[in-house]
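Tertiary structure, described
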Amino acid sequence: MVGNFSINGTSVRSLGFYVSPESCISSAEPNIQQTEIPNSSDVFDTTEYGGFVTYGRGEIVTIIEGIFSKDLWPHKQSEIARLCNGKLCKLIFDNDPGYYYIARGKIDPTFSKLHVGSIKITWKCDPYKYELTDGTDEQEWDTVDLIDGVFREYEPTVVSGSEIFEIVARDKPVALEIEIIDDGSEDWPTSLGDIYVSHAESADATKWYDRTNIGPVPEYTDDSGVIHVSVFRPRVTLPEFLFGAGTTHYVKVEGNCTVQMHYRGGVLY
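Attention in this report is confined to the structure presented alongside it. (Residues numbered from 1 in each chain as written. Predicted model: local features only at pLDDT ≥ 70, side-chain atom pairs only at ≥ 80, totals over all residues. Heavy atoms only, no water.)

1. Topic: the overall build of the protein chain
Counting secondary structure elements, the protein chain contains two helices and 20 strands. In terms of overall dimensions, the protein chain is more spread out than a globule: its C-alpha atoms have a radius of gyration of 24 Å, far above the 18 Å expected for 269 residues. Taking the principal axes of the C-alpha coordinates as reference, the protein chain spans close to 75 × 65 × 45 Å. A total of 269 residues make up the protein chain; the buried ones form 39% of that total. Sequence-distant contacts in the protein chain: of pairs separated by 6 or more residues, those separated by 24 or more amount to 70%. Carbon and sulfur atoms form 50% of the exposed surface of the protein chain, whose accessible area is close to 15,400 Å². (Helix = DSSP H or I, 4+ residues; strand = E, 2+ residues; numbered from the N terminus. Rg over C-alpha atoms; globule rule 2.2 N^0.38 Å. Buried < 20%, exposed > 50% of the residue type's maximum accessible area, 1.4 Å probe, protein only. Contact = heavy atoms within 4.5 Å. Areas by Shrake-Rupley, 256 points an atom, 1.4 Å probe, with all protein chains shown as cover.)

2. Here we look at the environment of Gly 184
Mapping Gly 184 onto the fold places it in the loop between β13 (174-180) and β14 (196-200). Overall, the relative accessible area of 63% leaves Gly 184 in the exposed class. Separated by 169 residues in sequence, Gly 184 and Leu 15 have C-alpha atoms that sit 46 Å apart.

3. What to know about the side chain of Arg 152
Assignment of secondary structure puts Arg 152 in the loop between β11 (128-131) and β12 (157-168). Of the polar contacts made by the side chain of Arg 152, one reaches the side chain of Glu 131; its length is 2.5 Å. (Polar contact = N/O pair within 3.5 Å; in protein donor to acceptor, adjacent residues only side chain to side chain.)

4. Focus on the pattern of salt bridges
Tallied over the entire structure, the rule returns nine salt bridges. Where Glu 131 meets Arg 152, a salt bridge forms, and the shortest distance between an N and an O atom there is 2.5 Å. In this pair, Glu 131 sits in strand β11 while Arg 152 sits in the loop between β11 and β12, placing the two residues 21 residues apart along the sequence. Grouping residues by exposure puts Glu 131 and Arg 152 together as buried. (Salt bridge = Lys/Arg side-chain N within 4 Å of Asp/Glu carboxyl O.)

5. Section: the side chain of His 249
Position of His 249 among the secondary structure elements: in strand β19 (residues 248-262). One polar contact links His 249 to Thr 247, side chain to side chain, over a distance of 2.7 Å. When near neighbours in sequence (up to four residues on either side) are disregarded, His 249 contacts Phe 165, Glu 166, Ile 167, Ala 169, Ala 200, Phe 243 and Gly 244.

6. Let's talk about the packing of aromatic side chains
Applying the stated criterion to the full structure yields ten aromatic pairs. Judged by centre distance (5.4 Å) and plane angle (90°), the rings of Phe 93 and Tyr 101 are edge-to-face. Neither residue differs from the other here; Phe 93 and Tyr 101 are each classed as buried. Aromatic rings pair up to connect Phe 5, Phe 93, Tyr 101 and Tyr 269 into one cluster. A cation over a ring is seen here: Lys 90 above Tyr 100, with NZ or CZ 4.5 Å from the ring centre. Positioned above the aromatic ring of Tyr 196 is the side chain of Arg 211, whose terminal nitrogen or guanidinium carbon lies 3.9 Å from the ring centre. (Phe/Tyr/Trp six-rings, centres within 6.5 Å; stacked < 30°, edge-to-face > 60°. Lys NZ or Arg CZ within 6 Å of the ring centre and 35° of its normal.)

7. Observations concerning helix α1 (residues 73-84)
Across its twelve residues, α1 extends 17 Å between first and last C-alpha, which sits within 8% of the 16 Å expected from 1.5 Å per residue. Turning to α1, its buried residues number three or more, namely Trp 73, Lys 76, Ile 80, Leu 83 and Cys 84. The arc that holds every buried residue of α1, seen down its axis, measures 90°, which confines them to one face. For α1, the elements touching its buried residues are β1 (5-7), β2 (10-11), β7 (58-65), β8 (88-93), β9 (99-108) and β10 (118-125). Just past α1, the residue Gly 86 takes up positive phi, approximately 80°. (Expected span 1.5 Å × (residues − 1). Arc of directions from axis to C-beta.)

Pasting the structure below:
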């Protein structure tokens, strides 16, 4: 049962509607890539050729109903249409409050003609539902799925030498983001120096991968005399740090700085 939900923060119940029990959420179809091998019962399977399974669009069908006067009904239809028809929206369901769906809505005009007081919206969705927080916002326990949810709380952390951070990944491969926090000093960020990040599958690993310097690059002149200006990005996305498939990863930060992790998990539904 879908139950009440909000569209871009607006609850359909607050608009005078309730959600029909005929509403439903359908999972996305995986993109299965298989080629039959001649004269064999085997197949050549490249479904996970890129390292992960890819998916098509999921679908959510919501039927909302209300009891309104004949004069008010056109206004209520228009209110819903302006909110979602053809638009990319953020959906949050009351019975699954720790996640949101990204979906584009389409209203079925024929349905309302045949079912008085009802509006049918078909949503084409990302194949994943997303955690409400990327770990930097305060998370309430009542928004955490106690069966398989993850409580994320990545506070700004002072690194003096090195620190190791645990990142619990979800189903969708997501690149980690790291933010270097301004410490308020007059010579920030030039005072930071080198900041190296790397990752491993164990906190006590002897080998760490994709060691990358995300510290400020000072101005310099190359051999041909070209001057390169100083470069610094306080918040950087690391495509090599692609975490997914429900695994746990460890990130090592080396240097002297204050950092904050950003990771928003995507879960198949």
